[in-house]
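Observations on the model geometry
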Amino acid sequence: MALKLYNTLSRKKELFKPIKKTEIGFYTCGPTVYNFAHIGNLRGFLFYDFVKRVLLFNDYKVKHVMNITDVGHLTSDADEGEDKMLKGAKREKKTVWDVAAFYTQAFKDDMVKLNFILPKYFPKATDHIKEQIAFVKVLEKKGFTYTAGGNVYFDASKLNDYGKLARLDLEVEGQARVDKDLNKKNPHDFVLWFTKSKFQDQGMKWESPFGTGYPGWHLECSAMSMKYLGKQFDIHCGGIDHIPVHHTNEIAQSEAAIGKKPWVKYWLHNEFLILGKGEKMAKSGDNFLTLSVLEEKGYSPLDYRYFCLGTHYRKPLMFSFSALDGARTSLKRLYDKVLEIKTGNKVKVNKKYLNRFIKEINDDFNTAQALATMWEVLKDEKLSVGDKYSTLLEFDQVFGLGLKDLKVDKIPKEVVQLAEERLSARLDKDWKKADDLREKIAKFGYVVGDTKDGYELKKE
Ligand code: AMP
Ligand code: ZN
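Everything quoted here is computed from the prediction, not taken from an experiment.

Before going further, it helps to examine the pairing of strand S13 (residues 446–451). Sheet analysis places S13 next to strand S14 (residues 454–459), joined by six bridges and oriented antiparallel. Bridge pairing in S14 places Val448 opposite Leu457. Hairpin connection of S13 to S14: two residues between the antiparallel strands.

You can see Ile251 is positioned in helix H7 (residues 243–258). Looking at Ile251, the relative accessible area reads 6%, which means it is buried. In this structure the C-alpha to C-alpha distance between Ile251 and His218, which are 33 residues apart in sequence, comes to 9.6 Å. In this structure Ile251 touches Lys164, Leu165, Ala256, Trp263 and Trp267, once residues within four positions along its chain are discounted.

The next subject is unusual backbone geometry. For the bond running from Lys261 to Pro262, omega is -15 degrees, close enough to zero to count as cis. Among the secondary structure elements, Pro262 is positioned in the loop between H7 and strand S10 (264–270). Within the chain, Asp59 stands out as a residue other than glycine whose phi angle is a positive 70 degrees. Mapped onto the fold, Asp59 is located in the loop between helix H1 (39–57) and strand S4 (62–66). Taking relative accessible area as the criterion, Asp59 reaches 71% and is therefore assigned exposed. Within the chain, Phe365 stands out as a residue other than glycine whose phi angle is a positive 60 degrees. The topology assignment puts Phe365 in the loop between helix H11 (351–361) and helix H12 (367–379). On the accessibility criterion, Phe365 (2% relative accessible area) is buried.

Turning our attention to the environment of Leu354. Examined against the element boundaries, Leu354 turns out to sit in helix H11. Judged by its relative accessible area of 13%, Leu354 falls in the buried class. When the C-alpha positions of Leu354 and Thr195 are compared, they lie 56 Å apart, and in sequence the two are 159 residues distant.

Donor atoms from the polypeptide that bind the zinc ion (ligand 2) are Cys29 (SG), Cys221 (SG), His246 (NE2) and Glu250 (OE), placed at 2.1 to 2.3 Å. Seen from the zinc ion (ligand 2), its four donor atoms lie at angles of 74 to 128 degrees, and the figure they make is irregular. Ordering the donors of the zinc ion (ligand 2) by residue number gives the pattern C-x191-C-x24-H-x3-E. Of the two residues, Cys29 sits in the loop between strand S3 (24–28) and H1 while Cys221 sits in helix H6 (residues 217–229), which places them 192 residues apart along the sequence.

Our focus in this paragraph is the pairing of strand S1 (residues 4–7). Of the strand pairs in this sheet, S1 and strand S2 (residues 12–15) are connected by four bridges, and their pairing is antiparallel. Residue Leu5 lies in a different strand from S2, and its bridge partner there is Glu14.

A few words on helix H14 (residues 413–427). Under the 1.5 Å per step criterion, the end-to-end length of H14 is 21 Å for 15 residues, consistent within 8% with the ideal 21 Å. Considered for burial, the residues of H14 that qualify are Val415, Leu418, Ala419, Arg422 and Ala425. For H14, the buried positions fall inside an angular range of 115 degrees around the axis, keeping them on one side. Residues of H14 that are exposed and point more than 90 degrees away from the buried face comprise Lys413 and Leu427. A positive backbone phi angle near 60 degrees is found at Lys429, which sits one or two residues after H14.

A few words now on the packing of H14 against helix H15 (residues 431–443). In the contact formed by H14 and H15, the axes pass within 8 Å of each other and the chain directions differ by 165 degrees. Classed by the angle they form, the pair H14 and H15 counts as roughly antiparallel. Where H14 crosses over H15, the handedness of that crossing is left-handed. Residues Val415, Leu418, Ala419, Glu421, Arg422, Ala425 and Arg426 of H14 pack against Trp431, Lys433, Ala434, Leu437, Arg438, Lys440 and Ile441 of H15. For the contact of H14 with H15, the per-class residue count stands at eight nonpolar, no polar and six charged.

Cut-offs and rules
Residues numbered from 1 in each chain as written. Chains lettered and ligands numbered in written order. Predicted model: local features only at pLDDT ≥ 70, side-chain atom pairs only at ≥ 80, totals over all residues. Heavy atoms only, no water. Pairing = 2+ DSSP bridges. Helix = DSSP H or I, 4+ residues; strand = E, 2+ residues; numbered from the N terminus. Buried < 20%, exposed > 50% of the residue type's maximum accessible area, 1.4 Å probe, protein only. Contact = heavy atoms within 4.5 Å. Donors = N, O, S within 2.8 Å, 3.2 Å for Na, K, Ca; no water. Tetrahedral: all angles 85-135°; square planar, octahedral: opposite > 155°, others 65-115°. Expected span 1.5 Å × (residues − 1). Arc of directions from axis to C-beta. Axes fitted to C-alpha atoms, helices over the stretch in contact; angles between N-to-C directions. Parallel < 35°, antiparallel > 145°, perpendicular 65-115°, else oblique. Left-handed = near helix turned anticlockwise from the far one by under 90°. Nonpolar A, V, L, I, M, F, W, Y, C, P; charged D, E, K, R; others polar.

Below you can see the structure in the form of structure tokens.
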């Protein structure tokens, strides 16, 4: 069935036509590893995982590359502000290398907890300095660079379509930019290679033909995506904040280097996770919530996954704990229902619902609508229990909520024993003892309810 996706380049939903029949080239901008990912970052990464799952569901092979930024990213996406990695190192009194290793692992742990299908390649910028230097040399040879104040810059004025992704009005935008870097010839030029570091204690430096220094942030994504996916590839994802600077510059330097257009066929961008009054969650802000914080508060990572599925990726998603509570309750209900219908019988996926589901996910990843369809399957009295179960498992290949691995909870012996004692106490009308026993049962994470035949035990 046709897959349509909203391409930021055209600002339209387009029919997906892969470049090669064999495999889809899929690049997603990864984290800057100077701190834990916050749940806003994770919303974006979850979206990439949904995109990949939808592609796989459509029987495409996917070659997924996600970079790890461990050098060169300043606090502004343009070449201003503090160095993010140095900031992390100062905060923690560690080397930048230690900070990078620690937060890269933390990020991967989050991905596993959130049930991602992990990317095949996780290239680190610092492992690809050679490729980045080679990339600058190509640009230099083609006349797209200049050196000023010791740094090598990309000359944006050399391209006639610079800014096409963001539809920048270069004139107006250029005048509005208060640029602190007086070495730039044009306001949209950007650094490819820093030698004159603004940061005295910059710990990461490499020899290069342009002088000892380190790469500008945008360079890694062009150099590494081409290394693993070839000069042109299918899909590139990122957050909407990347449209005006990071992705604009990635396109400029890549198309300048390969001399072909387009470098990437489809650009997909996710909206932000926001807090009350539209405030966005940022690593530098106080409103920073991580997956571990959610876990400490008793949520499972998959509660957050379910929460993200409920809103289309191109709409801002308002975070609140009460909204997350809603997602947790729904997911628990879903798990209970799935355990009720779980069956060993050989059964079939319902075609009518499957077609509807495919239409929804293939309509620019409408996971919210697809979730509603899943609930309809559960409520449909005409469907056999076995067919419901099979259909849901099929859908879960995209949702990734772990339905296949759900197990009927085996209630511990001690809990059953306490429940039996409580039943006797109730029959003896010893309400105080019955209440005490209820509390003991609760300590094991179970709720005991009274039924006409005795009692029932459920996990809290
Ligand atoms: P960083 O680790 O800072 O390089 O950011 C990683 C990704 O998170 C980028 O693609 C951003 O677009 C994305 N991002 C940052 N803040 C948010 C947010 N509040 N909601 C959704 N995505 C975000
Ligand atoms: Zn990137």
